[in-house]
Amino acid sequence: MLVATVVGSGIMAEALSGGNVAIALLGNTIATGAILAVLIGMLGPISGAHFNPAVSLVFAIMGELPRAVLAAYVVAQLAGGIAGTITAHAMFDLDLVQASSHGRHGTGQFLSEVVASFGLVAAILGCRRFRPGIVPVAVALYVVAGYWFTASTCFANPAVAIARSLTDTFSGIRPIDVPWFVVAEIVGALLAAWLLHWLLKGQSSAAQSAAANSPRL
């Protein structure tokens, strides 16, 4: 559903924008942020809303996700992403699988994906520690912002990058550029995990703070 929304809204936005790339990107952005908030709120209680291999890797390193589960999640994330691209193409009567010709390369793109992934993981770890109830909205808003302040338009997800290499539409990325995006996304995620581990050390969680401040009989 996430990738189907990213790709499908990109197709729709490009068709309706009359060649105005800014308007097309805005339509793509709004749809992506909206579906993220819905999916995280809906699936968070079931699977932790793990749509992102880089995020799942961070939780595995933190000891909160067994390696066997990590492997299963990554397979599901990749399969789901590819299925999302194919579904979007089917809805718009396009060739189901395409090779993207949209170049996204260079130092700026690599740095953008490091920053995008770093901020995404930081938002997840920080918000879930102190205000877990706002994680769906926080992640959605971060990605909405990331679409506009990063040169790469905030992929921040290896599974999404791979899936988007299979569409030669507005949201596509050339297959040859995908490995660099994946490396940048993992680097950004690991940097965020390291920094947030240091930053949150000794900080009370929301649940601990509530327990400490509760009345004593």
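Look up: the structure comes first, before these words.
So, here's what we can say about the structure. Model, not experiment: these values are computed from the prediction. Throughout this document, residue positions are counted from 1 along each chain, in the order its sequence is written. Two thresholds apply to this predicted model, a pLDDT of at least 70 for residue-level local features and 80 or more for giving and counting side-chain atom pairs, whereas whole-chain, interface and lining totals are computed over all residues. Working from all heavy atoms in the structure, the side-chain values ignore hydrogens and water.

Some thoughts on the overall build of the protein chain
Note on conventions: DSSP H or I runs of at least 4 residues are helices, E runs of at least 2 residues are strands, and numbering of each starts at the N terminus. Counting its regular elements, the protein chain contains nine helices and zero strands. Starting at the N terminus and ending at the C terminus, the protein chain contains elements arranged as α-α-α-α-α-α-α-α-α. Relative to the 2.2 N^0.38 estimate, which gives 17 Å for 217 residues, the radius of gyration of the protein chain is 18 Å and therefore close to what a compact globule would have. The principal-axis extents of the C-alpha atoms in the protein chain amount to approximately 65 × 30 × 30 Å. Radius of gyration here uses only the C-alpha atoms, and the compact-globule reference equals 2.2 Å multiplied by the residue count raised to the power 0.38.

Overview of the nonpolar core
The nonpolar side chains of a soluble globular protein tend to be buried, and buried together. Side-chain atoms within 4.5 Å link the members of a nonpolar core, which is a set of buried Ala, Val, Leu, Ile, Met, Phe, Trp, Tyr and Cys residues. A 1.4 Å probe rolled over the protein chains alone gives each residue an accessible area, and that area as a share of the maximum for its type sets the label: buried under 20%, exposed over 50%, partly exposed in between. The biggest cluster of nonpolar side chains holds 46 residues, and the ones touching the most others in it are Leu-2, Leu-36, Ile-40, Phe-51, Leu-120 and Val-121. Elements supplying a minimum of two residues to this core: helix 1 (2–16), helix 2 (21–47), helix 3 (53–61), helix 4 (67–91), helix 5 (107–130), helix 6 (135–149), helix 7 (158–164) and helix 8 (178–200). The contact criterion used is simple: two residues touch if any of their non-hydrogen atoms lie within 4.5 Å. Not counting chain neighbours up to four residues away, the residues in contact with Ile-40 comprise Pro-45, Ala-49, Phe-51, Val-135, Pro-136 and Val-139. Core analysis: the next-biggest nonpolar cluster, separate from the first, contains six residues, Ala-161, Ile-173, Val-178 and Val-182 among them.

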